[in-house]
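Geometric and topological summary
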Amino acid sequence: MKRGTGRSSSSAAPNSVDVARLAGVSQKTVSRVFNEEPYVSAEARRRVLEAAEQLGYRRNNAARALASGRTRSIGVITLGTALYGPASLLMGVERVVRDTGYALRVVNTMEGDPAGLAGAVDSLLDQGVDGIVVSEPIDEPGGEAGPLRVGVPVLVIGAPPPPLDSPAVLAAGGGADLMARAATEHLLGLGHVTVHHLAGPQRWFAARDRLEGWRTTLASHGRDVPSVVEGDWSAASGYAAGRAFAQDPEVTAVFAANDDMAIGLVRALTEAGRHVPGDVSVVGFDDIPVAAYVTPPLTTVRQPFDAVAQEGLKRLVHAIENPDAGPLPASAPPVDLVVRASTAPPRPAVTGR
């Protein structure tokens, strides 16, 4: 028999009856095998274990909870990162889960791990969670292997849901493209001919959404779409991009995909003698706590982390507790552009004498 991978076209999690049927034994024999009881032949034990492995059956808290109700726990899969966005979203989820009376189980994944999401799902299901939150997912190598069998409701925050075989797949925290549009519209509204973009790493869905919102806005206004400069979310990458932007006198406005990169960008422009916002206007994204206190205070798009967590978890708990009901409707997150001193109209063009 082939080793189970947790992937299947069926949304129903396998149970002991399925294992017994495939192994050609009674359900009591399956129970004896997994309870490590005597009076089971070596051949029967082998068939049961192979059948369970092929089906992806787990004898765990989730399986036991089928008889006793729910475990009242929710698992969260998040990137192992200290970046402000994912960390703030996780804090918001933690607060909401605590308020709902559910226990929280957290598993971190690492970028570049081909088994990151699947391994995290397996770990949480082994802990018997009633639902799973996937926070800030990114593209993973090997993500084309097919639907991931979960067996419990899933909430995906900040990206389109990956291929999942689940009783309910919910999405929350979209709208980054609309927030990026607001940032770009603000700069165009000040009179800038076009807007350059300092993008986040494109393996992140969030970075791609922000880039798409910027590009769509420029195209809808008939403006030139400059080449994209890609950073890695860090202030250092923003600083490197700023040194390049400073060499181009045509750059008068930049939308950065997060505040850290925007702050590094402003520093590099200032060191190069390009005044912000007199020569170059800069808009960030997130509204990190320090954004209001840098020089100049940063215009940015505030992310509604708590609101996204509140609505998303409300919908997830509803799906857990009302499995036969339809999903609660989702609402679009608010767009909150915080205008500070890093943006201004462009200087009038200097004409020859």
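All figures in this text were calculated on a predicted structure; none of them were measured in a lab. (Residues numbered from 1 in each chain as written. Predicted model: local features only at pLDDT ≥ 70, side-chain atom pairs only at ≥ 80, totals over all residues. Heavy atoms only, no water.)

A few words on the overall build of the chain. Per the secondary structure count, the chain includes 11 helices and 13 strands. Residues classed as buried in the chain amount to 47% of the 353 residues present. Restricting the contact set of the chain to residue pairs at least 6 apart, pairs at least 24 apart contribute 70%. In the form shown here, the chain has an accessible surface area of approximately 16600 Å², with 53% of it arising from carbon and sulfur atoms. (Helix = DSSP H or I, 4+ residues; strand = E, 2+ residues; numbered from the N terminus. Buried < 20%, exposed > 50% of the residue type's maximum accessible area, 1.4 Å probe, protein only. Contact = heavy atoms within 4.5 Å. Areas by Shrake-Rupley, 256 points an atom, 1.4 Å probe, with all protein chains shown as cover.)

Cis geometry is adopted by the peptide bond preceding Pro277, which originates at Val276 and carries an omega value of 10°. Along the chain, Pro277 falls in the loop between α10 (259-271) and β11 (281-286). The amide bond that connects Thr295 to the next residue, Pro296, takes the cis arrangement and shows omega of -5°. Here Pro296 shows up in the loop between β11 and β12 (299-302). One non-glycine residue, Asp287, lies in positive phi territory at about 65°.

What follows is about empty space enclosed by the protein. The tally for this structure, following the rule as stated, stands at 2 cavities of 30 Å³ or more. For the second largest cavity, the lining is made up of 13 residues, of which Gly85, Pro86, Arg210, Trp233 and Asp286 are closest to its centre. Broken down by class, the residue content of the lining of the second largest cavity amounts to 6 nonpolar, 3 polar and 4 charged. (1 Å grid on protein atoms, 1.4 Å probe; cavity = no way out; pocket = protein on both sides within 12 Å on 5 of 7 lines; lining within 4 Å. Points joined across faces, edges and corners; volume = space filled by probe spheres on them. Nonpolar A, V, L, I, M, F, W, Y, C, P; charged D, E, K, R; others polar.)

What follows deals with the packing of aromatic side chains. Taken as a whole and assessed by the stated rule, the structure comprises 3 aromatic pairs. The interplanar angle of 80° and the centroid separation of 5.6 Å between the aromatic rings of Trp204 and Trp233 together place this pair among those described as edge-to-face. Here Trp204, found in the loop between β8 (196-199) and α8 (205-220), pairs with Trp233, found in the loop between β9 (229-230) and α9 (235-245); they are 29 residues apart in sequence, far enough to count as distant. Residue Trp233 is classed as buried on the basis of its relative accessible area, which comes to 5%. Ring geometry for Phe255 versus Phe285: centroids 6.3 Å apart, planes at 50°, classification tilted. Here Phe285 lies in strand β11 and Phe255 lies in strand β10 (residues 253-256), a separation of 30 residues in the sequence. The exposure class assigned to Phe255 is buried, which follows from its relative accessible area of 0%. Phe285 gets classed as buried once you look at its relative accessible area, which sits at 0%. (Phe/Tyr/Trp six-rings, centres within 6.5 Å; stacked < 30°, edge-to-face > 60°.)

Per-residue pLDDT for the chain has a mean of 86; in total, 87% of the residues score no lower than 70. Across residues 1-11 the pLDDT falls below 50, and counting only partners more than four positions away or on other chains, this stretch makes 24 contacts in the model. The low-confidence segment residues 61-68 (pLDDT under 50) makes 10 contacts with residues lying over four places distant or belonging to another chain. (pLDDT = per-residue confidence, 0-100.)

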